[in-house]
Amino acid sequence: MSSTLERHVVTVGGLRVGDGPAVVISRISLRGPGRATEMWRARDGVTLVEPGSAADLPAIAGAADGVVIGAAWTRDIPLVRAVAGLGLPVVVERRASATLEEWLGLADYCALECDDRVILCETGRLDLGLLRAARAASGRPVLADVSADLGLSAAVVAAGADGLIVSRPPADGPESGAGDAHRTDERRSAGEAGVRLAEEAVTLVGPLVRPETPATLPECRQAIDRVDAALATLLERRAALAGIVQTLKPVGGFQGRDMERERALVARMANRAPELGEDRLAPIMNAVIEAGLSLAEERSTAD
Ligand SMILES: C=C(O[C@@H]1C=C(C(=O)O)C=C[C@H]1O)C(=O)O
């Protein structure tokens with residue numbers, strides 16, 4: 001796998017895909033006259049559409065920010081060619097049994113038609129090894145549809161995916177008759193929860209595996225907010241563990257403080273944070289350790 005390969009960043013509407021944080025996109029199935037069309041929507045309203053047939057293309061060309069070549073019809077070459085030629089960025093899904101070569105070959109074919117603005121998308125039973133290989137070999141952004149198993153969201157981010165696709169029911173679902181309002185509400189909140197789960201994976205796993213060099217103030221602040229979210233999660237977990245240690249030691253709390261262990265853990269951390277170094281880490285960790293001890297003491301007096 002080459003790390004020097006040029007990465008293609010593809011902009012869809014205002015959405016950058018391929019660097020920065022992984023994007024989260026909702027997929028909504030709409031029943032069309034023929035095959036269902038699929039509408040993909042990012043939080044900021046950026047819209048991609050998978051056509052049901054060639055008849056959908058004029059409307060898509062006028063209204064969508066991007067277009068999707070669905071896994072079910074990647075062999076419909078006339079439709080593939082027409083879709084790729086719309087002048088929009090193209091997402092190429094992998095057909096269930098397609099090999100890496102077939103998938104990337106189709107992407108390269110589309111790239112000729114759409115000014116190289118191609119994004120790949122792994123769907124169905126996700127093959128994360130294949131996703132990584134596709135990303136490494138092509139330099140193109142790769143999405144993964146996690147709808148079938150939202151629990152894979154964190155693994156998908158860890159595998160380096162540039163975006164997560166989550167299925168949601170349509171706002172005015174086709175099955176939603178008047179008596180069905182309750183079920184429609186349930187499906188809608190399940191869809192919303194799925195999107196939140198995917199966003200949570202981006203927030204917590206992204207900072208560990210995906211270095212970012214944001215170019216604007218808002219992007220940089222969002223990146224910092226994600227790191228802080230991951231830090232807060234770890235700090236809370238650390239405090240809980242430090243609390244357990246106090247109950248296992250002969251003397252716990254501030255009284256049983258072990259300064260040698262504290263120095264050693266700062267030294268180990270400095271190996272992972274050499275830019276900050278021991279001198280800057282020491283006061284940070286002192287504050288963290290004292291916060292943990294104070295919480296543990298508060299807990300033990302409350303018991
Ligand atoms: C957790 C312990 O108790 C105290 C708290 C520490 C911490 O939060 O890392 C480290 C050493 C001790 O001063 C421990 O002894 O390991």
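For clarity, every value in this text was computed on a predicted model and none was experimentally measured. (Residues numbered from 1 in each chain as written. Predicted model: local features only at pLDDT ≥ 70, side-chain atom pairs only at ≥ 80, totals over all residues. Heavy atoms only, no water.)

Caption draft 1: Main features of the overall build of the protein chain. Helix and strand content of the protein chain: nine helices and 10 strands. C-alpha atoms of the protein chain, sized along the principal axes, occupy 75 × 55 × 35 Å. Within the protein chain, buried positions represent 41% of all 303 residues. Once local pairs closer than 6 in sequence are excluded, the contacts in the protein chain between residues at least 24 apart make up 54%. (Helix = DSSP H or I, 4+ residues; strand = E, 2+ residues; numbered from the N terminus. Buried < 20%, exposed > 50% of the residue type's maximum accessible area, 1.4 Å probe, protein only. Contact = heavy atoms within 4.5 Å.)

Caption draft 2: Structural context of the nonpolar core. Ile 69, Val 92, Leu 120 and Leu 164 are the most contacted members of the largest nonpolar core, which totals 43 residues. Per-element tally for this core: the top contributor is helix 3 (residues 100–113), with seven residues. When neighbours within four sequence positions are excluded, Leu 120 is seen to be in contact with Val 92, Trp 103, Leu 104, Ala 107, Ala 134, Ser 138, Arg 140, Pro 141, Val 142 and Leu 143. Formed by 16 residues, the second largest nonpolar core is a distinct cluster that contains Leu 15, Ile 25, Ala 42 and Leu 143. (Core = buried A, V, L, I, M, F, W, Y, C linked by side-chain atoms within 4.5 Å.)

Caption draft 3: Main features of the pattern of salt bridges. A complete count under the given rule lists 18 salt bridges for this structure. One salt bridge in this structure joins Glu 192 and Arg 196, with 3.8 Å as the shortest N-O distance. Highlighted residues: Glu 192 and Arg 196, both in helix 6 (residues 181–209), separated by four residues, approximately one helical turn. Since its relative accessible area comes to 23%, Glu 192 is described here as partly exposed. (Salt bridge = Lys/Arg side-chain N within 4 Å of Asp/Glu carboxyl O.)

Caption draft 4: Seen up close, the site of the ligand. By nearness alone, every residue bordering the ligand is listed as Arg 238, Ala 242, Val 245, Gln 246, Lys 249, Arg 257, Asp 258, Arg 261, Glu 262, Leu 265 and Ile 289. Contact distances for the ligand include 2.6 Å between an oxygen atom and a side-chain N or O atom of Glu 262. Look at the ligand: alone it shows 360 Å² of surface, and the protein chains cover 93% of it. For the shell around the ligand, the elements supplying multiple residues, two or more each, are helix 7 (217–248) and helix 8 (259–272). Within the shell around the ligand, the residues separate by chemical class into four nonpolar, one polar and six charged. (Near = heavy atom within 4 Å. Polar contact = N/O pair within 3.5 Å; in protein donor to acceptor, adjacent residues only side chain to side chain. Areas by Shrake-Rupley, 256 points an atom, 1.4 Å probe, with all protein chains shown as cover. Nonpolar A, V, L, I, M, F, W, Y, C, P; charged D, E, K, R; others polar.)

Caption draft 5: Highlighting the environment of Glu 262. Note that Glu 262 resides in helix 8. Along the sequence, Glu 262 and Met 285 sit 23 residues apart, while their C-alpha atoms lie 8.1 Å from each other. Setting aside residues up to four positions removed in sequence, Glu 262 forms contacts with Arg 257, Asn 286 and Ile 289.

Caption draft 6: Structural context of the sheet that holds strand 5 (residues 47–50). Strand order around the closed barrel formed by eight strands is 3-4-5-6-7-8-9-10, with mixed pairing between neighbours. The mean angle between the axes of side-by-side strands here comes to 25°, regardless of whether they run parallel or antiparallel. Of the strand pairs in this sheet, strand 7 (residues 90–93) and strand 8 (residues 118–122) are connected by four bridges, and their pairing is parallel. Counterpart to Val 90 in the pairing with strand 8 is Val 118. Relative to the sheet, helix 3 contacts strand 6 (66–69), strand 7, strand 8 and strand 9 (142–145), its axis offset from that of strand 8 by approximately 155°. Each of strand 8 and strand 9 touches helix 4 (residues 128–138); the most contacted strand, strand 9, lies at about 160° to it. (Pairing = 2+ DSSP bridges. Axes fitted to C-alpha atoms, helices over the stretch in contact; angles between N-to-C directions.)

Caption draft 7: Structural view of the domain arrangement of the protein chain. Its domain assignment divides the protein chain into domain 1 (10–209) and domain 2 (219–302). The C-alpha centroid of domain 2 is placed 40 Å from the C-alpha centroid of domain 1. Buried surface at the junction of domain 1 and domain 2, both sides included, amounts to about 460 Å², of which 79% is carbon and sulfur. Summed over the three residues of domain 1 that lose the most area to domain 2, namely Thr 203, Leu 204 and Pro 207, the buried surface amounts to 69% of that side. Our count for the contact surface shared by domain 1 and domain 2 stands at zero salt bridges. Where domain 1 packs against domain 2, one counts zero residue pairs in polar contact (both at pLDDT 80 or more). Tallied by class, the residues present in the side of domain 1 that touches domain 2 amount to four nonpolar, one polar and no charged. (Domains from an automatic or database assignment. Buried area = accessible area lost by both parts, 1.4 Å probe.)

Caption draft 8: Layout of a nonpolar patch on the surface. On the surface, a nonpolar cluster with roughly 240 Å² of combined accessible area is contributed by Val 227, Leu 231 and Leu 235. Position of Leu 235 relative to the elements: it lies in helix 7. Residue class for Leu 235 comes out partly exposed when judged on its relative accessible area of 41%. (Patch = residues over 30% accessible without salt bridge, like charges linked within 9 Å, V, L, I, M, F, W, Y side chains within 5 Å.)

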